[in-house]
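# Remarks on the overall topology
So the chains spell out like this:
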Amino acid sequence: ARQAGRGTARFFSPQMEAEAKRQAALESGLRTAIARNELSVAYQPQVSLDSGNLLGMEALLRWHSPEFGEVAPAEFIPVAEEAGLIAAIGEWVLRTACSQTRRWLDLGQTALRVSVNLSPRQFHHADLVALVRQALADSGLPPAALELEITEGAVIDDIDNAVAVCRALKELGIKLSLDDFGTGYSSLSYISRFPFDKLKIDQSFIRDIVENPVNAAIATAAIVMARSLNLTVIAEGVETEAQARFLRARHCDAMQGYLYSRPLDADRFGRLLAGDRRL
Ligand code: C2E
Ligand code: CA
Ligand code: CA
Ligand code: CA
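Residues numbered from 1 in each chain as written. Chains lettered and ligands numbered in written order. Predicted model: local features only at pLDDT ≥ 70, side-chain atom pairs only at ≥ 80, totals over all residues. Heavy atoms only, no water.

Per an unreviewed UniProt entry, the chain goes by EAL domain-containing protein and derives from Azospira restricta.

## Regarding the overall build of the chain
The helix and strand inventory of the chain stands at 12 helices and 12 strands. Relative to the 2.2 N^0.38 estimate, which gives 19 Å for 279 residues, the radius of gyration of the chain is 20 Å and therefore close to what a compact globule would have. Referenced to the eigenvectors of the C-alpha coordinate spread, the extents of the chain come out at roughly 65 × 45 × 40 Å. In the chain, which comprises 279 residues, the proportion classed as buried is 44%. Considering only contacts in the chain between residues 6 or more positions apart, those separated by 24 or more positions represent 67%. Taken as a whole, the chain presents about 14,000 Å² of accessible surface, with 51% of it coming from carbon and sulfur. A distance of 2 Å separates the average location of the 30 positive side-chain charges in the chain from that of its 35 negative side-chain charges. (Helix = DSSP H or I, 4+ residues; strand = E, 2+ residues; numbered from the N terminus. Rg over C-alpha atoms; globule rule 2.2 N^0.38 Å. Buried < 20%, exposed > 50% of the residue type's maximum accessible area, 1.4 Å probe, protein only. Contact = heavy atoms within 4.5 Å. Areas by Shrake-Rupley, 256 points an atom, 1.4 Å probe, with all protein chains shown as cover. Lys, Arg positive; Asp, Glu negative; His and termini not counted. Charge placed at Lys NZ, Arg CZ, Asp CG, Glu CD.)

## Regarding the coordination of the calcium ion (ligand 3)
Distances from the calcium ion (ligand 3) to its protein donors, D179 (OD), D180 (OD), E236 (OE) and E236 (OE), fall within 2.2 to 2.6 Å. Here the calcium ion (ligand 3) and the calcium ion (ligand 2) are spaced 3.7 Å apart, with D179 acting as a shared donor. Placement of D179 in strand β8 (residues 175-181) and of E236 in strand β10 (residues 232-236) is noted, with a sequence separation of 57 residues between them. Using a relative accessible area of 6% as the deciding quantity, one classes D179 as buried. Relative accessible area serves as the criterion here: at 8%, E236 is assigned to the buried category. (Donors = N, O, S within 2.8 Å, 3.2 Å for Na, K, Ca; no water.)

## Remarks on the layout of surface pockets
What the largest pocket holds in volume is close to 1,000 Å³. For the largest pocket, the lining is made up of 36 residues, of which E58, L60, P73, N117 and D179 are closest to its centre. Put simply, the parts of the chain that give the lining of the largest pocket at least two residues each are β4 (54-65), α2 (73-82), α3 (86-106), β6 (113-117), α4 (120-123), β7 (146-151) and β8. Considered class by class, the residues forming the lining of the largest pocket number 16 nonpolar, 10 polar and 10 charged. (1 Å grid on protein atoms, 1.4 Å probe; cavity = no way out; pocket = protein on both sides within 12 Å on 5 of 7 lines; lining within 4 Å. Points joined across faces, edges and corners; volume = space filled by probe spheres on them. Nonpolar A, V, L, I, M, F, W, Y, C, P; charged D, E, K, R; others polar.)

## Observations regarding the site of ligand 1
Surveying the vicinity of ligand 1 reveals 21 residues, the closest of which are Q44, R62, I77, E239 and Y258. Burial of ligand 1 by the protein amounts to 81% of the accessible area it has alone, namely 800 Å². In this structure, ligand 1 is accommodated by the largest pocket. The greatest single-element share of the shell around ligand 1, amounting to 4 residues, is contributed by β4. (Near = heavy atom within 4 Å. Sits in = over half its atoms within 2 Å of the grid points.)

## Side note on the packing of helix α1 (residues 14-31) against α2
Direction vectors running N to C along α1 and α2 enclose 75°, while the axes themselves pass 10 Å from each other. Taken together, the axis directions place α1 and α2 in an arrangement best described as roughly perpendicular. Between α1, through R22, Q23, L26, E27 and L30, and α2, the contact on the second element is made entirely by E75, F76, V79 and A80. In terms of residue class, the contact of α1 with α2 is built from 5 nonpolar, 1 polar and 3 charged. (Axes fitted to C-alpha atoms, helices over the stretch in contact; angles between N-to-C directions. Parallel < 35°, antiparallel > 145°, perpendicular 65-115°, else oblique.)

So this is what it looks like as C-alpha cells:
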C-alpha cells in the first residue's frame, strides 16, 4: 500500500505495519516490565561431559507480558536495545542472578557459578565495571562465582577498548566467556588477545554435528583451539546422547542443552540442586 506522509511517499506493506506496531507495543510494555514484576530469570544447568557434575548455570531472561504472554528474548532484547532499556534490564538480570546464586551458595552449594549474558550495548556502557563490582558487593556473591558471557559482536568493533574492558572485569575476579563461538570471525589472533576463560560453541554447529561433516569439523577445531589457548570449552544446544558422545570423544569439557535440562525457573532449579530429580 502506498501512503503519502508529510510530502514524502512511503511504502509500507501490511506486514511491516503490523511489525512496527508490535515493536512499539513491546517497547512500551518493556518500559514498565521491571516495575510490574513481569521479568524473571530462568537457569539452565551446565554439566561436565566427563563426570556429569553440575558446574553452573546460565541465567536466561524471561518476560511474561500480560498483553503478549511469554515473549522470547530473541524478540524483546533487540527491542530493549533499540529503546535504550537494556542497561536497566541488564542490571536487573545481573543483580537478580547474583543474589539468587548467593542464596544457593548459602544452602551449601559450594561449587556453583552463574553465567550472565551481556548485550553489546551493555558491554560498551561506561559504568559496566562499576556496576558489576556493585552487584557483587550488594549480593555478597564471591566474584569467582560469576561469569559474564560476551558475544563477538560486542568486541569486534573496537578491539583495543574491548580488551581493556575485559581486563578490568577480570580484575574483579570474575570469569569471562566468549558466547556463540563460530558465528562470527572467531580468529585465533584476536581471541588470544582477550582474557577469556571459556569458549561456548554455538548451538548451530552442535545441532547436526553427527550428520554434518562441516559442522563436525568446525566444532572439533573450536575444541582444539580452546585447548591450545587454555580455555575451557562448552557446547550449547546439546539435545541428544549422540551429540554428547561426539563431544566427549573430542574432549569438550562441558555441555548445556535440553539433553540434560531445559532452562528452569528459580524454584525448579533450586529443587534440582536439592537433588529432587522429579523437580
Ligand atoms: P544464548 O545466550 O545463546 O542462550 C542460549 C539459548 O539457547 C537460550 O534461548 C536457551 O534456552 C536455548 N537452548 C538451550 N539449550 C537448548 C537446546 O538443547 N536446544 C535448543 N533448541 N535451544 C536451547 P533463550 O533463553 O530463548 O535466549 C535466546 C537468546 O536471548 C540468548 O541466546 C541470548 O542471546 C539472549 N538472552 C537471554 N537472556 C538474556 C539476558 O539476560 N541478557 C541479554 N543481553 N541477552 C539475553
Ligand atoms: Ca549466552
Ligand atoms: Ca550462546
Ligand atoms: Ca545464541
